[in-house]
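# A structural walkthrough
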Amino acid sequence: MKINDRVYVFAAWGVFLSLFHFIYHDFFPTARGTLGHDFGLALAGCTDGFIWFAKNGLFEVPWFTPSFCAGVPLFADPQSGYYSVPQWLSFIVDPLTAAYLTLLLFASLGYFGMYVLARRAFGLSLGWSIFAAALFFFNTFQPYRTILGEYGYHGLTLVPWLAWYLIRPADGVVHKVGFALLAGLIAAYWLQSGLPTLMVPGALGVGLVLLAYRLVQPWQRDLLARMMLAVAVSVVFSASKLMASLAFYGRFERTQYQLPGFADPWALIKTTLLALFWTSEAAARQAFASMVNVQWSVLPHEWAYGFTIAPLICLLAAFFLRRRDGAQGLRLTGARWPALAIVVLAFIPLVLMFYTPQFNTWLKQVPLIGATAWPMRWIVIYLAVLPLLFAMAAQYWTGNHWRFATASILILIGLQFVDLRLYYRDQPYNPGSLLAGYQRLAAGAAQAHRINFVGIKAATGNEGLYGSVDRNDVLVEGVSQAACYNPAFGYRLEKFPQGRLVLGDVMDEADGYLNIKNPACYVFPEENGCEPGDHFRVDQRAAAEAFVSYRPFPFAKSTKQRIADLVTMAGLAATTTFLLLVWPWLTWRRRRAVDR
């Protein structure tokens, strides 16, 4: 009796997930009870979102929050992720558990997405499809970022699914539209979950997958139409957030930081190869010795893109053991231009990390790129296409060699224990007070919770004001951290308009103003008759009281924002109706007609 392929796929997933949990659960928290430094931002943000949800329910948009910097935009902050899986999980469990469940969930979604893409789109054998899925599943990008508290990148594991919905064969316009809508929803989720800085690299990653697919199959005739519809859907679903984010960030562009790079091309290539095929700590050591124009320390997690050397071992062995007896391998279309296009796109991260004074000055003028201090993050464009290319090459040379594929998977599993992860075990953030505060809020204290004071929690020793990674935690005590951790204003709050803000009661009066900022002034200053960073006036006490109590308050929006809000609401209604009602109904009617 032949065992169904699904049994192997799910059995492999069960083994992989168990190993994944064995490796990573000890980092949430570590043996010292600590977490990665960016959890100081992430856990406080999820707790803030929980308070809003507890008081206002799911359908009230959290435009602003009083929890940080005496009042800031929330929905308009591109890096905020209120509409995301980890935030919504924190409505049920504590935010640390939510972060770990998100890691397990999205790693699994990535595994199944890569398997489906390799097996059903690229036509790879069962063994090599599972190998590609395992490479993607065990890649260190998502787990290491999550360990550090940067789990806003989790949506990138959906790249295989997005690509699959763009190229999945479909009979009839209805199915084609449905798959394009699903692809668009994934892209919209990236925007809503706080992934704006890697939207372009994520899209390039999808493009590389589509080019790799063209090596083995012609593109569907409707590919361009699907792509256009997917882009339109993502823009429509995100129009409200995009418009608000542009209004907010347009006043606080983060272009003041240096763009680091490598003056030595060999050091650049060596570091990138170490990041992809060895350990992030080894890559970080090489980068530390080689990078120039560095303003901020480029820590190991910035080089966490590792597949281990397993795919290289597999590729080398497959080449030397390639079969010449006519065994069925992988059939290629013969088109050469997709391979050339893949090579050209693959050079983009390397080009962005290359440094000469003149080239660096030019890059700083390029939109999006000029606002980053971490060009190495563009390496993410390789993460989905490399597992496919390795599996394609292995099958091309060895055919459907399931023993070889199994051996390659076992090597990959064994190499998971080579990386000691010492950097990730030595992290400074203690979540104790924040999680204790969350438990109080979840037990019922959220309804009465209010921001009462503007205060400062600073580190002792040389780190001072900005060295306290837990400084945002004071929100659970009813204090808004004046020197909050919010990259929107710069890593040292270089662009934060402190103005008349002082430490003390939020309702203290001075010169006709309260001691709490009106966050609408950051996003819609003209419409609200104020400047970014202005405070609530004394005559706005009722609105200020609602704000510090995590309640909506009246504010004016721009005409563009009101239109964007309507576009998003209309798009949400139309897409939901199509996916949940029209598509299933038309599919049922078609099947019923066929059965007759």
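Now for a look at the structure at hand. Given the structure is predicted, the values throughout are model-derived calculations rather than measurements.

This part takes up the overall build of the chain. Of regular secondary structure, the chain possesses 22 helices and ten strands. For 596 residues, the compact-globule estimate of 2.2 N^0.38 gives 25 Å, and the chain sits close to it at 25 Å. Expressed along its principal axes, the backbone C-alpha trace of the chain runs to roughly 90 × 65 × 50 Å. Burial statistics for the chain: of 596 residues in total, 56% are counted as buried. A fraction of 80% describes how many contacts in the chain between residues 6 or more apart in sequence connect residues 24 or more apart. If you sum the accessible surface of the chain, you get close to 25,600 Å²; carbon and sulfur atoms cover 64% of it. Of the charged side chains in the chain, 46 are positive and 34 negative; the average position of the first set lies 15 Å away from that of the second.

Let us look at the sheet that holds strand S8 (residues 509–510). Ordered in space as S8-S9-S10, the three strands form an open sheet in which the pairing is antiparallel. Edge positions in the open sheet fall to S8 and strand S10 (535–537), since each of these has one partner strand only. Here two bridges tie strand S9 (residues 513–517) to S10, and the two strands are oriented antiparallel to one another. By the bridge assignment for S10, Tyr513 is matched with Arg537. In the packing of helix H21 (residues 541–548) onto the sheet, the strands contacted are S8, S9 and S10, and the crossing angle to S9 comes to about 30°.

A separate point is the packing of aromatic side chains. The tally for this structure, following the rule as stated, stands at 64 aromatic pairs. Centroid distance Tyr111 to Phe112: 5.0 Å. Interplanar angle 80°. Geometry classified as edge-to-face. Exposure remark for Tyr111: the relative accessible area of 0% places this residue in the buried category. The class for Phe112 is buried, based on a relative accessible area of 18%. Positioned over the ring face of Phe75 is Lys241, at 5.2 Å from the centre of the ring.

A few words now on the state of the cysteines. This model, assessed by the stated rule, comprises two disulfides. Through a disulfide, Cys69 is tied to Cys484; the S-S separation comes to 2.0 Å. Here the disulfide of Cys69 and Cys484 is left-handed, its torsion about the S-S bond being about -90°. With Cys69 in the loop between strand S1 (64–65) and strand S2 (72–73) and Cys484 in the loop between strand S6 (479–481) and strand S7 (504–505), this residue pair connects regions lying 415 residues apart in the sequence. Look at Cys69 and you get buried, because its relative accessible area is 0%. By relative accessible area, Cys484 is classed as buried at 1%. Put simply, Cys521 and Cys530 are joined by a disulfide, and their sulfur atoms are 2.1 Å apart. Between Cys521 and Cys530, the disulfide has an S-S torsion of -110° and is therefore left-handed. The same class applies to Cys521 as to Cys530, namely buried. The cystine pairing of the chain, numbering bonded cysteines in sequence order, is 1-2, 3-4.

In terms of burial, S9 is a largely internal element, four of the five residues being buried. Relative to S9, S8 is paired through two bridges, and the arrangement is antiparallel. Across the sheet, residue Glu509 finds its bridge partner in S9, namely Leu514. Turn length for the S8-S9 hairpin, with the two strands adjacent in sequence and antiparallel, is two residues, and the turn residue Asp511 shows positive phi of about 55°.

Turning our attention to helix H9 (residues 199–214). Along an α-helix, residues three or four positions apart point the same way, because every turn accommodates 3.6 residues. In this model, H9 (16 residues) spans 23 Å end to end at C-alpha, consistent with the 22 Å of a helix rising 1.5 Å per residue. For H9, the tally of buried residues reaches twelve of 16 residues, placing the bulk of the element in the interior. Three or more residues of H9 are buried, namely Met199, Pro201, Gly202, Gly205, Val206, Leu208, Val209, Leu210, Leu211, Ala212, Tyr213 and Arg214. The inward-facing, buried residues of H9 contact helix H4 (95–121), helix H7 (159–167), helix H8 (173–192), helix H10 (223–249), helix H14 (337–353) and helix H16 (385–398).

Let's shift gears to the pattern of salt bridges. Side chains that carry opposite charge are capable of pairing whenever their charged atoms lie near each other. For the structure on display, the rule yields 13 salt bridges. Here Glu509 makes a salt bridge to Arg541, at a shortest N to O gap of 2.4 Å. Residue Glu509 is found in strand S8, and its partner Arg541 is found in helix H21; the two are separated by 32 residues along the sequence. For Glu509, a relative accessible area of 51% corresponds to the exposed category.

As for its position among the elements, Ser80 is in the loop between S2 and helix H3 (85–89). Looking at Ser80, its side chain comes within polar contact range of the main-chain oxygen of Asp77, at 2.8 Å. At 3.0 Å, the side chain of Ser80 forms a polar contact with the side chain of Lys241.

Let us look at the sheet that holds strand S5 (residues 453–455). Sheet architecture is open: three strands sit in the order S6-S5-S7, paired in mixed fashion. Unpaired on one side and paired on the other, S6 and S7 mark the two borders of the sheet. Where S5 lies against S6, three bridges are found, and the strand directions are parallel. Paired with Val454 across the strands is Ser480, a residue of S6.

What counts as what
Residues numbered from 1 in each chain as written. Predicted model: local features only at pLDDT ≥ 70, side-chain atom pairs only at ≥ 80, totals over all residues. Heavy atoms only, no water. Helix = DSSP H or I, 4+ residues; strand = E, 2+ residues; numbered from the N terminus. Rg over C-alpha atoms; globule rule 2.2 N^0.38 Å. Buried < 20%, exposed > 50% of the residue type's maximum accessible area, 1.4 Å probe, protein only. Contact = heavy atoms within 4.5 Å. Areas by Shrake-Rupley, 256 points an atom, 1.4 Å probe, with all protein chains shown as cover. Lys, Arg positive; Asp, Glu negative; His and termini not counted. Charge placed at Lys NZ, Arg CZ, Asp CG, Glu CD. Pairing = 2+ DSSP bridges. Axes fitted to C-alpha atoms, helices over the stretch in contact; angles between N-to-C directions. Phe/Tyr/Trp six-rings, centres within 6.5 Å; stacked < 30°, edge-to-face > 60°. Lys NZ or Arg CZ within 6 Å of the ring centre and 35° of its normal. Disulfide = S-S within 2.5 Å. Expected span 1.5 Å × (residues − 1). Salt bridge = Lys/Arg side-chain N within 4 Å of Asp/Glu carboxyl O. Polar contact = N/O pair within 3.5 Å; in protein donor to acceptor, adjacent residues only side chain to side chain.

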